[in-house]
Amino acid sequence: MHWRTKIGCIALLTFLYCEFLADFIQLSFCNWPKLSHKIIKNRNEEELRAVIVADTHLLGPIRGHWLDRLYREWHMHRSFQAAMRLFQPDVVFVLGDLFDEGDFVNNSDFEHYVQRFHRLFSTPAGVPIISAVGNHDIGFHYKMGGYFIKRFSKHFNSSGVEMYTIKGNHFVMINSMAMLNDGCSFCNTALRDLNKISAQLTCLKNRETCTDIHALKVHKTYSRPILMQHFPTYRKSDAVCREHDAPNIELFRENWEVLSKESTDLIGRLLLPRVAFAGHSHHYCFSINRFGVEEYTVASFSWRNKVEPSFLMASFSASTYSVLKCNMLPQQHVYNIYMATATLLLGAIIWKLCKKILVKRIKKGIT
Ligand SMILES: [Zn+2]
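Residues numbered from 1 in each chain as written. Predicted model: local features only at pLDDT ≥ 70, side-chain atom pairs only at ≥ 80, totals over all residues.

What follows concerns the overall build of the protein chain. Looking only at helices and strands, one finds ten helices and twelve strands in the protein chain. Principal axes of the C-alpha set define a box for the protein chain whose edges measure 110 × 50 × 40 Å. Here the protein chain holds 367 residues, and the buried ones make up 37% of them. Intrachain contacts of the protein chain at a sequence separation of at least 6 include 73% that bridge at least 24 residues. (Helix = DSSP H or I, 4+ residues; strand = E, 2+ residues; numbered from the N terminus. Buried ≥ 20, exposed ≤ 12 C-beta atoms within 10 Å, placed from the backbone. Contact = placed C-beta atoms within 7 Å.)

Have a look at this one:
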């Protein structure tokens, strides 16, 4: 084989590995966390497997370079599709900030955004994708308006407080920006819905006296709910995390980086969740939260926000759960492979050219 063909082949193989294979190989090291089959069998429960991602932050038309958008979204797409193929989850949760500019693009750009999101994060038939709303989708509390909320809920069916029941597990999705309890119309609606869900859960708990036909028909039996939202519940900083990967420990502000203490206590009291999941900080954290349950903060799914992104794989049954963090392909790995191959190939080209010149000169000297 001619040396130029060899160099071309190596460059092509490197490209194929980095752009088509690496994400898949990296994720193939992850596995579903195990539940005790004895417990599930004894209690006649079903197992539900969920992939939980957060902060995909798809860039819009205003911020960021088109190449940055194209390249990073390509790898989010590769990773997500690899996860769907390898793990075949029952459901996917996205914990807010699906978009980076959702709170200031016009309607037409928002429609494009939605199409792009569905294209990049398409799920196999029968696998629902349930999204919580984030501050970059509809704005923080001061900016959030009916206009933003309406268009998000039109496409994602969720912009307030909702309860989804899947295989006996109750997932309560919360709009964190509406949790200020300051009397605003969105906060009042969210509080009303939270109280309604709390009443439904109480009703399910006391089935003999429960008269809520809707709760009995849709949500069937009681199990402690699972909290899903964009903001983590109140914590002072990631210093309280039992596991975390944030490079710096910063103090969190109530209602900006985390929920307020008051809202955290209210949710804990009304829902009595058994585990909580959140996003927003862009870094992974496992902690015991203010109302005493395990809380997982999911890192950003995008290379733009996290050099070593990750997502969670969680197995649930009505009475138990287990969670594992799955590390995605670090962007530095791809850059290192490209740099090493480029250096190697450049060295080989220089060596070949020098050799050619040297041979020519020797031949000239002889004749
Ligand atoms: Zn956010």
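This part covers the sheet that holds strand S10 (residues 294-297). Two orientations exist for strands paired in a sheet by backbone hydrogen bonds: parallel and antiparallel. The strand order across the open sheet built from seven strands is S4-S5-S6-S8-S10-S9-S7, with neighbouring strands paired in mixed fashion. In the strand order of this sheet, the two ends are held by strand S4 (161-166) and strand S7 (243-244), each with one partner. Alignment of strand S8 (residues 275-278) against S10, held across four bridges, turns out to be parallel. Across the sheet, Ala-276 pairs through a bridge with Glu-295, a residue of S10. (Pairing = 2+ DSSP bridges.)

This next bit is on helix H3 (residues 66-87). The end-to-end C-alpha separation of H3 is 31 Å, in line with the 32 Å expected for 22 residues at 1.5 Å each. Turning to H3, its buried residues are Arg-72, Glu-73, His-75, Met-76, Arg-78, Ser-79, Phe-80, Ala-82 and Ala-83. Buried residues along H3 sit against helix H1 (3-27), strand S1 (48-53) and helix H4 (107-120). Remark: Gln-88 follows H3 within two positions and exhibits a positive phi of approximately 45°. (Expected span 1.5 Å × (residues − 1).)

Residues Ile-52, Leu-95, Val-172, Met-228 and Val-298 are the most contacted members of the largest nonpolar core, which totals 75 residues. Those residues in contact with Leu-95 that lie beyond four places of it in its chain are Ile-52, Ala-54, Ala-132, Met-228, Gln-229, His-230, Phe-277, Ala-278, Gly-279 and Val-298. (Core = buried A, V, L, I, M, F, W, Y, C linked by C-beta atoms within 7 Å.)

What follows concerns the sheet that holds strand S3 (residues 129-132). What the five strands build is an open sheet, ordered S3-S2-S1-S11-S12; its pairing is mixed. The open sheet terminates on both sides in strands that have one partner only, identified here as S3 and strand S12 (321-327). Sheet twist, expressed as the average angle between the axes of neighbouring strands with direction ignored, equals 20°. (Axes fitted to C-alpha atoms, helices over the stretch in contact; angles between N-to-C directions.)

The sheet contact formed by strand S11 (residues 310-316) and S12 spans seven bridges and is antiparallel. Looking across to S12, one finds that Met-313 is bridged to Leu-324. Counted along the chain from S11 to the antiparallel partner S12, the turn is four residues long.

Turning our eyes to something else, we now look at the pairing of S1. Buried residues dominate S1, accounting for five of its six residues. Relative to S11, S1 runs antiparallel, the two being bridged by five bridges. Within the sheet, the bridge partner assigned to Arg-49 lies in S11 and is Ser-315. By the bridge criterion, four bridges tie S1 to strand S2 (residues 91-95) in an arrangement that is parallel. Its bridge partner being in S2, Ala-50 is matched across the sheet by Val-91. Once the chain exits S1 it traverses H3 before rejoining the sheet at S2, and the crossover so formed is right-handed. (Right-handed = clockwise from strand over helix to strand, strands pointing away.)

Here we come to the packing of H1 against H3. At a minimum axis distance of 9 Å, the contact between H1 and H3 shows a crossing angle of 45°. The pairing of H1 with H3 is recorded here as oblique in orientation. As H1 packs across H3, the resulting crossing turns out to be right-handed. Only His-75, Arg-78, Ser-79, Ala-82, Ala-83 and Leu-86 of H3 make contact with H1, whose side of the interface consists of Asp-23, Phe-24 and Leu-27. Class assignment of the residues belonging to the contact of H1 with H3 gives a composition of five nonpolar, two polar and two charged. (Parallel < 35°, antiparallel > 145°, perpendicular 65-115°, else oblique. Left-handed = near helix turned anticlockwise from the far one by under 90°. Nonpolar A, V, L, I, M, F, W, Y, C, P; charged D, E, K, R; others polar.)

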